[in-house]
Amino acid sequence: MLLPRRQLTLALLKPDLCANPNTISKIISRITATNQHNNFEIIRQREILWRQQDAEAFYAEHRGRFFFERLCGYMTSGPFMALVLARQDAIKEWRALIGPTHPWRARINAPNTLRSLYGLTDTRNSFHGSDSDETAKREIEFFFPELDVDAWRRQEEK
Ligand SMILES: Nc1ncnc2c1ncn2[C@@H]1O[C@H](COP(=O)(O)OP(=O)(O)OP(=O)(O)O)[C@@H](O)[C@H]1O
């Protein structure tokens, strides 16, 4: 029987979460829980501490937006976790698990999502997820340059 092909995505657990190790372990348990909507395999995991220029490079597409300075300030305020997650439909399923960008919207429309439970404000929304295969490759290789995403995908297709 052919197993469904897995996909990679980049997940960030942002600095407000990493200030509390207990919160991180609860979130990791939820990510890896074996049920239909979780069940992610953590392929790589790394603690990151950014300088201002790292945040500006990663979020370059948002330069000029009203929240750009706030976003870079938040992401350089302390260590955060970068994770590479694998499962079938990883991009869609991780974005579904974290919920809408704005935590207040998540609390109304998607109350069991991670941003509903842990997100603080529009900027301090605690999580990130890649939005396409192309973005996932760029973002994964930004944090894990030693991981060749194309090679991983080729291997997965065999
Ligand atoms: N209207 C806003 N006000 C304040 N901060 C914002 C706003 N929109 C986005 N941000 C911040 O910028 C980040 C990147 O914005 P983007 O539009 O790419 O959100 P997203 O794709 O839903 O979230 P993410 O990329 O973090 O998964 C958001 O996660 C949030 O921290």
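- Per an unreviewed UniProt entry, the protein is named Nucleoside diphosphate kinase, and its organism is Ambispora leptoticha.

**Some remarks on the sheet that holds strand β1 (residues 7–13)**
Stage number 1. Spatial strand order, β2-β3-β1-β4: four strands in an open sheet with antiparallel pairing. Of all the strands in the sheet, just β2 (41–48) and β4 (127–129) have a single pairing partner and so form its edges. Within this sheet the neighbouring strands show an average axis-to-axis angle of 20°, counted without direction.
Stage number 2. Pairing of β2 with strand β3 (residues 80–87) involves seven bridges; the strand directions are antiparallel. From the neighbouring strand, Q45 faces β3, where its bridge partner is L83.
Stage number 3. Each of β1, β3 and β4 touches helix α5 (residues 90–98); the most contacted strand, β1, lies at about 30° to it.
Stage number 4. Contacting β1, β2 and β3, helix α8 (residues 133–143) runs over the sheet at an angle of about 55° to β1.

**Comments concerning the site of the ligand**
Stage number 1. The immediate surroundings of the ligand are formed by F67, L71, T101, D122, T123, N125, H128, G129 and D131.
Stage number 2. For the shell around the ligand, the class distribution of residues is two nonpolar, five polar and two charged.

**Digging into the UniProt feature "domain: Nucleoside diphosphate kinase-like" (unreviewed entry) in the protein**
Stage number 1. Those residues carrying the UniProt feature "domain: Nucleoside diphosphate kinase-like" (unreviewed entry) are residues 6–151 in this numbering.
Stage number 2. Here residues 6–151 is 45% helix and 18% strand, with 13 Å between the C-alpha atoms at its ends.

**Side note on the nonpolar core**
Stage number 1. Ranked by internal contacts, the top residues of the largest apolar core, which has 23 residues, are A11, L13, L85 and W94.
Stage number 2. Excluding its chain neighbours within four sequence positions, the residues that come into contact with L13 are C18, I24, I27, F80, M81 and F127.

**Notes on the UniProt feature "active site" (unreviewed entry) in the protein**
Stage number 1. Residues given the UniProt feature "active site" (unreviewed entry) here are H128.
Stage number 2. Within the fold, H128 resides in strand β4.
Stage number 3. The residues contacting H128, other than those within four sequence positions of it, are A11, L12 and K14.

**So, α8**
Stage number 1. Taken together, the buried positions of α8 are occupied by A136, E139 and I140. One side of α8 holds all its buried residues, which, seen down the axis, span an arc of 100°.
Stage number 2. Its buried side turned inward, α8 meets β1, β3, α5 and α9 (149–157).

**Thoughts on the pairing of β3**
Stage number 1. Bridging between β1 and β3 involves seven bridges; their strand directions are antiparallel. Along β3, the bridge assignment pairs L10 with V84.

What counts and how
Residues numbered from 1 in each chain as written. Predicted model: local features only at pLDDT ≥ 70, side-chain atom pairs only at ≥ 80, totals over all residues. Pairing = 2+ DSSP bridges. Helix = DSSP H or I, 4+ residues; strand = E, 2+ residues; numbered from the N terminus. Axes fitted to C-alpha atoms, helices over the stretch in contact; angles between N-to-C directions. Contact = placed C-beta atoms within 7 Å. Near = placed C-beta within 6 Å. Nonpolar A, V, L, I, M, F, W, Y, C, P; charged D, E, K, R; others polar. UniProt positions renumbered as here; feature names shortened; annotations may be inferred. Core = buried A, V, L, I, M, F, W, Y, C linked by C-beta atoms within 7 Å. Buried ≥ 20, exposed ≤ 12 C-beta atoms within 10 Å, placed from the backbone. Arc of directions from axis to C-beta.

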